[in-house]
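# Observations on the three-dimensional arrangement
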Amino acid sequence: MTANMVLIVDDEKQNRDQLKQILNSRYKLAEADSTDKALGMMYRNVRQLAAVIVKLGAVHGNLDGYRVLTQWNQDKIISGIPMIAAVGQFDTQSMSRAMELGVWELLAMPLELQLTYFRVKNVIERRLLRVSDQARQSREYDELTGIYNRKAFLCRTKEMLCRYPRETFAFVHLDIYQFHLVNQFYGMDEADRLLQYIADRLAFLSRESDHFTYGRDRADVFCFCMPYEGKASVMRMIKKVHDEINQYPINHVLMPVFGICTADHTEQQMVAVSDRANLAAKQCKGNYIKNYAFYDYSMTEQLIKEQEIVNAMKKALADEQFQLYIQPKYDLRKNRLAGGEVLVRWHMQGKGMVSPGDFIPVFERNGFITKLDRYVWEHACQSIRKWLDEGKKPFPISVNISRVSLYNKDVADVIHGLVKKYGIDPALLHLELTESAYTGNLEMIKQTMSRLQAYGFCILMDDFGSGYSSLNTLKDIVVDILKIDMNFLLNSEVPGRGENILASVVYMAKCLGMPVIAEGVERESQAAFLRSIGCDYVQGYYFAKPMSLEEYEQLAFGTNI
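## Examining the overall build of the protein chain
- Check the secondary structure of the protein chain and you find 21 helices and 20 strands.
- For 561 residues, the compact-globule estimate of 2.2 N^0.38 gives 24 Å, and the C-alpha radius of gyration of the protein chain, at 38 Å, exceeds that figure by more than 25%.
- Along the longest, intermediate and shortest principal axes, the C-alpha atoms of the protein chain span 120 × 55 × 50 Å.
- A burial count over the protein chain gives 47% of its 561 residues as buried.
- Relative to all contacts within the protein chain whose residues are 6 or more apart in sequence, the contacts with residues 24 or more apart total 66%.
- Taken as a whole, the protein chain presents about 28800 Å² of accessible surface, with 50% of it coming from carbon and sulfur.

Pasting the structure below:
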């Protein structure tokens with residue numbers, strides 16, 4: 001709605017009538033003859049008022065024009081209304097005070113009709129221009145940093161690409177890795193100052209090229225676009241931006257991350273370019289050595305693949321497309337089957353087999369892994385129950401507990417509830433946790449594991465030795481069995497070093513009363529070595545590949561092992 005009301009503030013009716021005669025052909029008019037009435041009308045009609053004309057001079061009766069001006073000057077609610085002061089023709093003192101208080105225009109009394117009309121009209125038009133400019137500023141510029149917002153930046157960048165059709169440009173996504181820590185440690189005000197500093201540095205560096213746009217995308221994300229003259233030119237600019245950001249005076253290591261995507265005038269959607277640069281930046285999050293990445297199409301293919309997985313996961317669970325496989329474990333001393341580890345395979349409808357390496361990381365990131373864990377646990381319990389009902393004596397099988405599930409405070413009761421539901425001995429369902437799962441809330445994990453062990457479950461620490469705090473973990477956490485990956489320990493450039501480490505781990509485990517399972521055994525020589533150092537159990541392709549439940553049943557119960 002366009003403001004079209006002019007408020008006349010004067011305690012003399014003849015003066016008000018004169019102004020009404022001058023202005024009533026163009027504006028809606030309102031009157032006030034006292035300070036309180038004038039201020040009340042200004043607050044009530046702040047959106048409708050195009051201007052206020054207030055008479056200044058000696059105070060008579062209920063009107064104090066200076067108090068109206070002072071309140072207007074100090075209160076943000078009404079200070080946006082253009083204020084015009086009507087003063088005596090030779091009252092230089094009033095003119096000076098009015099100008100100090102910030103009035104937009106002065107009218108000399110007695111009023112001259114045509115001059116008064118045009119001065120009021122000019123003030124109102126100036127206000128419209130200012131409002132229009134403020135609206136444009138709000139639409140195009142980021143409020144905190146004063147640089148282009150996302151929409152305006154993408155628009156200006158597209159215009160730049162079209163102006164220089166023979167050039168290729170580098171679109172760069174920039175954000176600060178773990179920026180939330182700045183908020184957490186130093187507060188939002190300091191974080192805002194850092195964002196303003198980054199914007200200022202981008203503005204400074206933009207002077208190095210005639211073809212350079214920059215803007216704030218969101219939160220701590222900034223983007224800039226510059227001519228692409230090969231990777232070296234982009235790397236020089238990235239280093240400059242990195243160095244400038246790290247000049248910010250804060251006792252905190254700032255880690256700028258950059259994703260780069262090339263584009264030219266043929267690119268129709270700048271949003272797509274921005275998304276590609278964002279994808280590239282994600283490739284180096286958490287990488288303390290390489291803080292930049294150039295986009296390539298495989299990143300989009302990977303994103304599409306992951307989205308297909310996300311789109312299909314709920315239906316796949318409901319339709320039981322996830323199938324249990326088992327990799328047998330063997331007693332190395334007796335050379336016979338001793339159980340197996342439950343693995344999961346996904347036969348996606350219409351797509352075939354999906355590798356666990358593709359879907360497990362996605363499920364871990366989006367939390368769906370907890371539902372898959374529960375599905376696997378329950379189906380494992382169903383299989384054990386089936387074997388028992390058939391009069392068979394099953395070996396224990398182990399299931400994995402993901403790190404996400406482990407942080408559910410009720411996980412012990414959930415798993416215990418499942419073995420009770422199917423009436424099976426907890427000793428038949430072993431639980432595997434990777435060593436990396438122990439790096440979080442240690443006290444909570446200890447409590448969870450103690451409850452599981454109290455319920456009668458056997459707990460295996462998988463991938464022992466793969467972390468950097470293995471001995472500390474073993475000191476603080478009571479587990480029943482250690483699992484060691486042969487590929488990790490025996491992959492050493494120094495002959496015999498890996499074997500010596502493995503022998504020491506097996507010896508240490510025996511001293512602690514813990515059996516050891518070596519996985520990844522692929523050769524007869526490895527099996528012979530493990531047997532010589534007293535390793536108890538093995539898994540690996542040398543003995544058996546992961547197999548379907550039916551194949552495992554045939555192996556475990558169909559022949560006399």
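## Section: the pairing of strand β9 (residues 256-263)
- Here β9 lies mainly inside the structure; seven of its eight residues are buried.
- Two strands pair when backbone bridges link them, and strand β6 (residues 169-176) and β9 are joined in this way by eight bridges, in the antiparallel orientation. Bridged to Val172 within β9 is Ile260.
- Looking at chain direction, β9 and strand β10 (residues 292-294) are connected through three bridges and run parallel.

## Section: the pattern of salt bridges
- The tally for this structure, following the rule as stated, stands at 38 salt bridges.
- Of the charged contacts in the structure, one is a salt bridge between Lys121 and Glu125, with a shortest N-O distance of 2.9 Å. Of this pair, Lys121 and Glu125 are both found in helix α5 (residues 113-140), four residues apart, which corresponds to roughly one turn of the helix.
- Assessed through its relative accessible area of 17%, Lys121 is described here as buried.
- Taken together, the shared-partner salt bridges connect Lys13, Arg16, Asp17, Lys20 and Glu31 into one network.

## Let's talk about the side chain of Lys55
- In this fold, Lys55 is placed in strand β3 (residues 49-55).
- Relative accessible area serves as the criterion here: at 15%, Lys55 is assigned to the buried category.
- A polar contact is formed between the side chain of Lys55 and the side chain of Asp11, at a distance of 2.8 Å.
- Discounting residues that sit within four places of it in the chain, Lys55 has contacts with Val9, Asp10, Asp11, Glu12, Asn15, Gly65, Ala86 and Met109.

## So, the packing of helix α8 (residues 188-205) against helix α9 (residues 231-245)
- With their axes 10 Å apart at the nearest point, α8 and α9 run at an angle of 140° to one another. One finds that α8 runs oblique with respect to α9. Where α8 crosses over α9, the handedness of that crossing is right-handed. Between α8 and α9, the residues in contact are Tyr197, Ile198, Arg201, Leu202, Phe204 and Leu205 and Met237, Lys240, Val241, Glu244 and Ile245, respectively.
- For the contact of α8 with α9, the class distribution of residues is eight nonpolar, no polar and three charged.

Thresholds, definitions, all that
Residues numbered from 1 in each chain as written. Predicted model: local features only at pLDDT ≥ 70, side-chain atom pairs only at ≥ 80, totals over all residues. Heavy atoms only, no water. Helix = DSSP H or I, 4+ residues; strand = E, 2+ residues; numbered from the N terminus. Rg over C-alpha atoms; globule rule 2.2 N^0.38 Å. Buried < 20%, exposed > 50% of the residue type's maximum accessible area, 1.4 Å probe, protein only. Contact = heavy atoms within 4.5 Å. Areas by Shrake-Rupley, 256 points an atom, 1.4 Å probe, with all protein chains shown as cover. Pairing = 2+ DSSP bridges. Salt bridge = Lys/Arg side-chain N within 4 Å of Asp/Glu carboxyl O. Polar contact = N/O pair within 3.5 Å; in protein donor to acceptor, adjacent residues only side chain to side chain. Axes fitted to C-alpha atoms, helices over the stretch in contact; angles between N-to-C directions. Parallel < 35°, antiparallel > 145°, perpendicular 65-115°, else oblique. Left-handed = near helix turned anticlockwise from the far one by under 90°. Nonpolar A, V, L, I, M, F, W, Y, C, P; charged D, E, K, R; others polar.

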